Each structure stands twice: as structure tokens, then as C-alpha cells.
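Fold and contact review
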Amino acid sequence: MLRMILECLSSEERRRFLHTEVYDDGYTLVHLIAQVDHTGATMKTILESISKDQHYSLLSTQDGLKYTPLHWACVYNNSVAVLDAITRLTSEETRFKLLQIPSSGGRTALHYAAARNATEDIKIIAESVNTSHRMRFLGLTEKCGDTPVQRAAVRGKQAAVQLLQEYHIDIRIEEALQETDERGTYFYVKLIEVHTSYHVDG
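Residues numbered from 1 in each chain as written. Predicted model: local features only at pLDDT ≥ 70, side-chain atom pairs only at ≥ 80, totals over all residues. Heavy atoms only, no water.

**Examining the overall build of the chain**
Stated formally: Secondary structure elements follow DSSP: runs of H or I no shorter than four residues count as helices, runs of E no shorter than two count as strands, and numbering proceeds from the N terminus. Buried means the residue's accessible area, taken with a 1.4 Å probe over protein chains only, is under 20% of the maximum for its type, while exposed means over 50%, and partly exposed covers the values in between. Only the protein chains shown count as cover for residues, and all accessible areas are computed by the Shrake-Rupley method using a 1.4 Å probe.
Helix and strand counts for the chain stand at 13 helices and two strands. The buried share of the chain, reckoned over its 202 residues, is 47%. As presented, the chain carries roughly 10,400 Å² of accessible surface, and 50% of it is formed by carbon and sulfur atoms.

**A few points about the nonpolar core**
Here is the rule: We define the nonpolar core as a collection of buried residues of types Ala, Val, Leu, Ile, Met, Phe, Trp, Tyr and Cys that are connected through side-chain atoms lying within 4.5 Å of one another. Should any heavy atoms of two residues lie within 4.5 Å, those residues are counted as being in contact.
Judged by nonpolar contacts, the single largest core of 47 residues is most densely connected at Met43, Ile122, Ile125 and Phe137. The contacts of isoleucine 122, once residues within four sequence positions are left out, are Leu110, Ala113, Ala114, Ala160, Leu163, Leu164 and Tyr167.

**With respect to the side chain of threonine 28**
Note the following rule: Any pair of N or O atoms that falls within 3.5 Å is considered a polar contact. Within protein, one atom must be able to donate a hydrogen and the other to accept it, and sequence-neighbouring residues count only if both atoms are side-chain atoms.
By the secondary structure assignment, threonine 28 is in the loop between α2 (11-19) and α3 (29-36). On the accessibility criterion, threonine 28 (2% relative accessible area) is buried. At 2.8 Å, the side chain of threonine 28 and the side chain of histidine 31 are in polar contact. Setting aside its immediate chain neighbours within four residues, threonine 28 contacts Leu18, His19, Thr20, Glu21, Val22 and Thr61.

**Re empty space enclosed by the protein**
For the record, the criterion: Grid points spaced at 1 Å and placed over the protein atoms alone form the basis of the search, with a cavity being a set where a 1.4 Å probe fits but cannot get out and a pocket an open set showing protein on both sides within 12 Å along at least five of seven lines. Lining residues have an atom within 4 Å of a point. Grid points are joined across faces, edges and corners, and a volume is the space filled by probe spheres set on the points.
Taken as a whole and judged by the stated rule, the model has two cavities of 30 Å³ or more. Volume-wise, the largest cavity comes out at about 60 Å³. Surrounding the largest cavity, Leu70, Leu83, Ile86, Thr87, Arg95, Leu98, Leu99, Ile125 and Ser128 form its lining. If you add up the space inside the second largest cavity, you get close to 40 Å³. Around the second largest cavity, the lining residues are Arg15, Leu18, His19, Ile50, Gln54 and Leu58.

**Looking at the pattern of salt bridges**
What counts, and what does not: Whenever Lys or Arg places a side-chain nitrogen within 4 Å of a carboxyl oxygen from Asp or Glu, that contact is recorded as a salt bridge.
Applying the stated criterion across every chain, the model contains six salt bridges. Among the ionic pairs, aspartate 121 bridges to arginine 116, the shortest N-O distance being 3.1 Å. A relative accessible area of 25% places arginine 116 in the partly exposed class.

**Description of unusual backbone geometry**
The residue lysine 66 is not glycine, and still its phi comes out positive at about 65°. Among the residues examined, lysine 66 registers a relative accessible area of 42% and is labelled partly exposed.

**Comments concerning the packing of aromatic side chains**
Applied cut-off: Here the aromatic set is Phe, Tyr and Trp, taking the six-membered ring for Trp, and pairing holds for ring centres within 6.5 Å; pairs whose planes are under 30 degrees apart are stacked, those over 60 apart are edge-to-face, and all others are tilted. Here, a charge over a ring means that NZ of Lys or CZ of Arg falls within 6 Å of the ring centre while also lying within 35 degrees of the ring normal.
Under the definition given, this model contains four aromatic pairs. When the centroid spacing of 5.9 Å and the interplanar angle of 40° are considered together, the rings of tryptophan 72 and tyrosine 76 count as tilted. Classification of tryptophan 72 by relative accessible area gives buried; the value is 12%. Residue class for tyrosine 76 comes out partly exposed when judged on its relative accessible area of 33%. Each residue in the set Tyr27, Tyr67, Trp72, Tyr76 and Tyr112 is aromatic and connected to the rest through ring pairs, giving one cluster. Just above the ring of tyrosine 56 sits the side chain of lysine 97; from NZ or CZ to the centre is 4.3 Å. The aromatic ring of tyrosine 112 is capped on one face by arginine 151, whose charged end is 5.7 Å from the ring centroid.

**Some thoughts on the confidence of the model for the chain**
What counts here: Values of pLDDT, which run from 0 to 100, indicate the predictor's confidence residue by residue.
When pLDDT is averaged along the chain, the result is 79, and 80% of the positions lie at 70 or above. Element-level pLDDT for the chain is lowest in strand β1 (residues 170-181), with a mean of 41, against a maximum mean of 95 in helix α5 (residues 55-59).

**A few points about the environment of serine 11**
Here serine 11 lies in helix α2. The exposure class of serine 11 is partly exposed, given its relative accessible area of 45%. The spacing of serine 11 and serine 49 is 38 residues in sequence and 8.7 Å in space, taken between C-alpha atoms.

Okay, here's the thing in C-alpha cells:
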């Protein structure tokens, strides 16, 4: 149905339709699709209906939380299919810019994937750009100062930490402290990121 609607619209009408807020605070149809598209087919239809030079404008649209559709995809469990559609259909330049966009908390899409222990999401994101680009966004920090791997470690997401280590970030656990607050006991792992040499593609 969506494909039929998009095919009936002119290029300009299609652009306006896809950028129109469906809820308040800048929440568009594409933000919604990123959350509920379990097969990635709808996201694929949308991206194929517009030219590649329009992909960044559409996918970089931020809502009231400063979430892009890519952020929402990494917040929800269905994100693998959506991420696959986005990474296969967009240019590397577009993907690299999208992966650096921070939410209101300063978090990138990779921060959310790491916090969920979503290893498939992490693989898709990390492998969607070349090594030199990857090293730049893997080390981006949120407002609290945590990189994606630190965000995963603080939440005890060992699989995510191990996978992120494999993508050229050398992590040494300096200390693990068990602390208690009003909500109960939690573990905090202090990490040191050590810059390592890496091969630059190309």
C-alpha cells in the first residue's frame, strides 16, 4: 500500500509526505517505521522511492528527543532488519554522518545498540563503514562521558563489550566496583580505552 502511495506522488510531494510530522515534536513516518518494521521491507520501499542524495536529509531528521530513525531502530529489538535496509541502500558517506548524530543525551545509535547487547546491530553498524571511519565513531562519547563500549560494560553487557573490543578498541578493565544505591546493588566497571594501531582501508 505504501509503495502504491509513494508511486502516485511526485518527487516533491513524496519528499513532503515523508518529512511530515505524524505526531508532535518532529516525529515523522520514518521514525515510526524504524520502530515497527520487523522485516525491513517498508524502510526499503521508502529509501528506494527517493534518490540517494535525499537519504541523509530524510534519515537525519530528529524528533523531540533528538532521535533519528537510526536511533529508534537501535532502541527496539526489530532493528536488525531496518539497519540492514539502511546500510545496504545508503552511501557510506551518508551512513558515516548518520552514525555520528547525537541524541539529546549525546548518544549515537551505537550507544543504544551497545546498551541492549545487540551484537547483530553492532556488527552491521561497525562493518557498514571503512576502518578509518569506524575508529572515529566508536570512540564518540555521550554527555556522561561514556563511549559505546563503556555504556555496554556499565550495564554488564559482556557480549557487546567483547565484540566492540574486536573492532580495534583495546579495552583494559582497571577495576570493578560493587556499589549500592537506593535502588539496590549494581556493578560499575571502570574502563580505560587504549589507542591501538589499525589498518586504514584504501
